[in-house]
Amino acid sequence: MSKYIILGVVLVGLAAAPLTGDTYLMRMATLACMYAVMAASWNLIGGLTGYPSFGTAAFFGLGAYTSGILATLDVALPISIAVAGVVAFVVAAIIGFILLRLKGHYFAIATLACVELLREIANSATDLTGGGMGLNIPRNADLGIFAEASLFFFAMWGLLALTALVCLMVERSKIGFALACIRQAEGAAEMIGVNSTLYKTLAFALSGVFVAMAGGVYASWVHYIEPGDVFDILLTIKPVVMALIGGVGSTVGAIVGAIVYIAAEEVIWRNYLDFSSGIIGLTVVGLVLFLPHGLGSLHLRLRGKAVTP
Amino acid sequence: MIFVQILVNGLVLGSLYACIAAGFSLVWGVLNVINLMHGSFIVLGAYLALGLYLSIGLAPWWSLAVAAVLFFGIGYLIQRFLINRVIAAPVLLSLTLTFGLDLIIQNAMLYFFKADYRSLKLDPALGSLAFGSVVVPVDRLIAMIFALLLTLALYIVLRKSRVGRAIVAVRVDQGAARLLGVNIPSIYAIAFGIGTAMAASAGTLLALTFPIAPVASYAFLGKAFVVCVLGGLGSVPGAVLGGLLLGLVETFGAYALGPEFAVMLSFGLLILFLVVRPQGILGRWGFE
């Protein structure tokens, strides 16, 4: 029960950001929601199913470009984002169906290669995407600065609420149980009649949908995207680290992990610009070595219990 | 004649790829760890060659020996004290650990060497050899020869030396190797040290042919992935075959389709191989 309370507090706390009227704070909150969507989505495939996907950036970029291109054709924001989600579902289902027969490192590398491949496609399909010059996304209405910040904050926040809802439903449902079986022993799961191909493909496709929608909101939010930006490998790695912070396998953990990470990153950026990535690297190393089960295992550590990776 | 020229370019590039991938493949095959620092070790090796050339005029192919010894030690220590702690954990943790370490190295490189692209220009320049209309720059030729020699040296060490046989034994059957008295943590550290030494040595050679910058590491890492999967994991002949194949595919692909398709082609090939033949061309799981 406590995890629902934590989730509720987090969502309400984030929703309070616009009340401050501080656009800087709202930018951070929007970013936190965006990464929380990505971390929770990654958790579906990487945490629940146990397939280490490094393809998050592929779906983020796919969503950003799908919705960005639609926006240049004067399609309204909600429709373009919904289309981005549908496109990502289909593409992720196809990629997943092909790649989910690989395991471990092979799966990780194959998904990483998908990111590279899509980036190169976006780079060379100049007619559609503007190639390396990037894509300008027009504003559809001239809102004030604060109104626009609120619009995109609530779009991201709503997306996070939707993602959390779907992920928690999956976690609790028969699908979640099947995914846990696949994670623990795929062969045994198949033997007792779990259609593992169906369920893991579904998990991968779902993990792509919300990431793509977040990419779509992001594209309209920043008004300009280019392949190196939305297919950035860091967009793939950060959600994994966030899920590790929160404890792999838990949706709420991933969301909390994302907020902790974004807050910590911002503090580090502001104070130690020259060493920011080094400090983040140190944090990651320390986390993996000393708290491999996330912040949730901190109390075990403090009581001197063995926490093995 | 353009065909022969492209073939030669592809083989030169491919030998360097083979050398890059051999150490990566060794670590992946023996330790089951994907070392995301591999690209950064290559770039560090290149900076070492650049530094030694600019300060005391040491030619890159001699820096290679310095890099090999120095980075063997660094790799040995990193494995022994950091990676060894998560070696039994799920792949996600070791991958994330090497990513974190790589962030630290990247940050240090940016801080000390800055983000600019630098290149090592030999003075006097070595010129190039011409065979009819086929032209090969001498520095590239030397880099190619040393890359192949280095890869051959790794092959011989693994085949003939006692420690090499122990590494192969751990790769093939860890349990049996342990029963026969092989010290597994020590072999892991040595294998990782060799992988690191191979990366840095390859880097000294790459300094001759590629511009160097901290961000270049990701491109090299990407090549190592592709070559490993093409040739077959954990085998030196596989790395050579995969490297040459990738070099040829890239150069011919760039000629036929345009240079912007070279990267797309290599990653497309990677995914194709992962799906159709994940064990690689040679397809042997053993390690020779």
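Refer to the structure printed above.
All of the points below concern the structure found in this document. For clarity, every value in this text was computed on a predicted model and none was experimentally measured.

Considerations on the overall build of chain A
Reasoning step 1: A count of helices and strands for chain A gives 15 helices and two strands.
Reasoning step 2: For 309 residues, the compact-globule formula gives about 19 Å, and the C-alpha radius of gyration of chain A, at 19 Å, lands near that figure.
Reasoning step 3: Considering only C-alpha atoms, chain A reaches an extent of 55 × 40 × 35 Å along its principal axes.
Reasoning step 4: Here chain A holds 309 residues, and 52% of them are scored as buried.
Reasoning step 5: By sequence separation, contacts in chain A at least 24 residues apart represent 77% of the contacts at least 6 residues apart.

Some words on the interface of chain A and chain B
Reasoning step 1: The partner chain B presents 34 residues to the 35 residues of chain A that form the contact.
Reasoning step 2: Listing elements by their share of the side of chain A that touches chain B, those giving two or more residues are α5 (104–124), α12 (233–246) and α14 (276–290) of chain A.
Reasoning step 3: A per-element tally of the side of chain A that touches chain B places α5 of chain A first, with 14 residues.
Reasoning step 4: The residue makeup of the side of chain A that touches chain B, split by class, is 24 nonpolar, eight polar and three charged.

Here we look at the pairing of strand β2 (residues 134–137) of chain B
A regular strand places its side chains on the two faces of the sheet in alternate fashion.
All names here are of chain B.
Reasoning step 1: Sheet analysis places strand β1 (residues 128–131) next to β2, joined by four bridges and oriented antiparallel. Residue pairing for β2: L129 is matched across the bridge by V136.
Reasoning step 2: Taking the residues that link successive antiparallel strands as the turn, the β1-β2 hairpin has two residues, and the phi of G132 there is positive, at about 65°.

What about helix α4 (residues 77–99) of chain A?
Working note: α-helix, 3.6 residues per turn, so residues spaced by three or four point in the same direction.
All names here are of chain A.
Reasoning step 1: Between its first and last C-alpha atoms α4 spans 32 Å; for 23 residues at 1.5 Å apiece the expected length is 33 Å, and the two agree.
Reasoning step 2: Buried within α4 we find L77, S80, I81, A84, G85, V87, A88, V91, A92, I95, G96 and L99.
Reasoning step 3: Elements in contact with the buried residues of α4: α3 (56–72), α5 and α10 (196–222).

Conventions adopted
- Residues numbered from 1 in each chain as written.
- Chains lettered and ligands numbered in written order.
- Predicted model: local features only at pLDDT ≥ 70, side-chain atom pairs only at ≥ 80, totals over all residues.
- Helix = DSSP H or I, 4+ residues; strand = E, 2+ residues; numbered from the N terminus.
- Rg over C-alpha atoms; globule rule 2.2 N^0.38 Å.
- Buried ≥ 20, exposed ≤ 12 C-beta atoms within 10 Å, placed from the backbone.
- Contact = placed C-beta atoms within 7 Å.
- Nonpolar A, V, L, I, M, F, W, Y, C, P; charged D, E, K, R; others polar.
- Pairing = 2+ DSSP bridges.
- Expected span 1.5 Å × (residues − 1).

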